[in-house]
Structure formats: C-alpha cells, structure tokens
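In case you want the letters, here they are:
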Amino acid sequence: MKDISPLLVEGSKPIAHEDYYEFPILRNSDALKANAYYFNSPEWSEEYLKFCHRSDTFKDRWQAALGDLTGKTVIDIGCGPGNIFATVGGEPEYLIGVDVAKTSLTFAEKSGYIGVLADAHHLPFKG
C-alpha cells in the first residue's frame, strides 16, 4: 500500500490496515450509518460497481471535467467501490478513495485506489 503521509495534515495519524488507512469518523448520523450499511454488503457493492456510472455519457462527462489524470493526486470522496476511476481510468500519482464502508474500499483497491476510511466532513488531507 502506497504511503500517503506526504498528503496528510500535520498530526494526522491513520491506522494502517492491510488494504486501507483508517481515520476517526466523528459523526454518527443516520445517513452515514445507512451508507456504511449498504456499501458494506459485498453483493450491493459489486452490483453498484458493475452497473452504476458505466454509460458512455457518464464517462465522457467525467473525462471532460477531469482531463488527463497522469501524475495528479486524485481524492475521490465517497468513492464507493471505485466506479469513477474504473470507468475513466488513467495513471494518477495518487488515487485515493475515501468512504465510510470498508467493503467498498476493498472493491476500490482492486481498481487501483488507496483506500481511506474517513468522514468526508473531517478529511485528513492538506488543502
């Protein structure tokens, strides 16, 4: 797993798991719990990865918005199982997927993401 420490704000101390980094999730909302519940289901994550965000229109729009990802740092907040990068591809220097569901991060890693379990409202990255 690639070292992400150069991208982190000072004092951020992730727990390094085998296939993702973990940061404290400070909120406990019903929406956050629901998202984690569904995307922690391997079946749900796999279906979502296979069928969502796969159309040519989706791909064309994302590629127009993102441009060439080569050598860039990409942080996909709410990455789910990695649909966007699995669809648009590229060769970023860092491809980080942030989500609240560990299972989604496992799927995202298969598409090349460095998984980060964290709350989108409290990201550990430099601005």
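Let us look at the structure shown here.

**Topic: the environment of E10**
Working step 1: The residue E10 is located in the segment before β1 (15-16) in this model.
Working step 2: With a relative accessible area of 83%, E10 lands in the exposed category.

**Some points on a nonpolar patch on the surface**
Working step 1: On the surface, Y37, Y38 and W44 cluster together into a nonpolar patch covering about 380 Å² of accessible area.
Working step 2: The residue Y37 is located in helix α1 (residues 30-39) in this model.
Working step 3: For Y37, a relative accessible area of 60% gives the class exposed.

**Looking at the pairing of strand β4 (residues 94-99)**
Working step 1: Across the six residues that make up β4, a large majority, six, are buried.
Working step 2: Along β4, one buried face is formed by Y94, I96 and V98 and the opposite face, lined by L95, G97 and D99, is buried too.
Working step 3: In the sheet, strand β3 (residues 73-77) pairs with β4 via five bridges, with the strands oriented parallel. Paired with V74 across the strands is L95, a residue of β4.
Working step 4: With respect to chirality, the unit in which β3 leads through helix α4 (residues 83-88) into the neighbouring parallel β4 is right-handed.
Working step 5: The pairing of β4 with strand β5 (residues 114-117) spans four bridges and is classified as parallel. Opposite V98, over in β5, you have V116 as the bridge partner.

**Some remarks on the nonpolar core**
Working step 1: Residues L69, C79, I84, F85, L95, L105 and Y113 are the most contacted members of the largest nonpolar core, which totals 13 residues.
Working step 2: Listing elements by their share of this core, those giving two or more residues are α4 and α5 (102-110).
Working step 3: Counting residues per element, this core draws most heavily on α4, at three residues.
Working step 4: Every residue in contact with L105, bar those within four places of it in the chain, is listed here: Y20, C79, G80, G97, D99, G115, V116 and L117.
Working step 5: Core analysis: the next-biggest nonpolar cluster, separate from the first, contains twelve residues, F23, Y94, I114 and F125 among them.

**Brief notes about the environment of L95**
Working step 1: Within the element layout of this structure, L95 appears in strand β4.
Working step 2: By relative accessible area, which is 6% here, L95 ends up buried.
Working step 3: Along the primary structure L95 and N40 are separated by 55 residues, whereas in three dimensions their C-alpha atoms are 21 Å apart.
Working step 4: Contact partners of L95, with chain neighbours within four places excluded, come to V74, F85, S111, G112, Y113 and I114.

Parameters and conventions
Residues numbered from 1 in each chain as written. Predicted model: local features only at pLDDT ≥ 70, side-chain atom pairs only at ≥ 80, totals over all residues. Heavy atoms only, no water. Helix = DSSP H or I, 4+ residues; strand = E, 2+ residues; numbered from the N terminus. Buried < 20%, exposed > 50% of the residue type's maximum accessible area, 1.4 Å probe, protein only. Patch = residues over 30% accessible without salt bridge, like charges linked within 9 Å, V, L, I, M, F, W, Y side chains within 5 Å. Areas by Shrake-Rupley, 256 points an atom, 1.4 Å probe, with all protein chains shown as cover. Salt bridge = Lys/Arg side-chain N within 4 Å of Asp/Glu carboxyl O. Pairing = 2+ DSSP bridges. Right-handed = clockwise from strand over helix to strand, strands pointing away. Core = buried A, V, L, I, M, F, W, Y, C linked by side-chain atoms within 4.5 Å. Contact = heavy atoms within 4.5 Å.

Nothing here speaks to function; it is geometry throughout.
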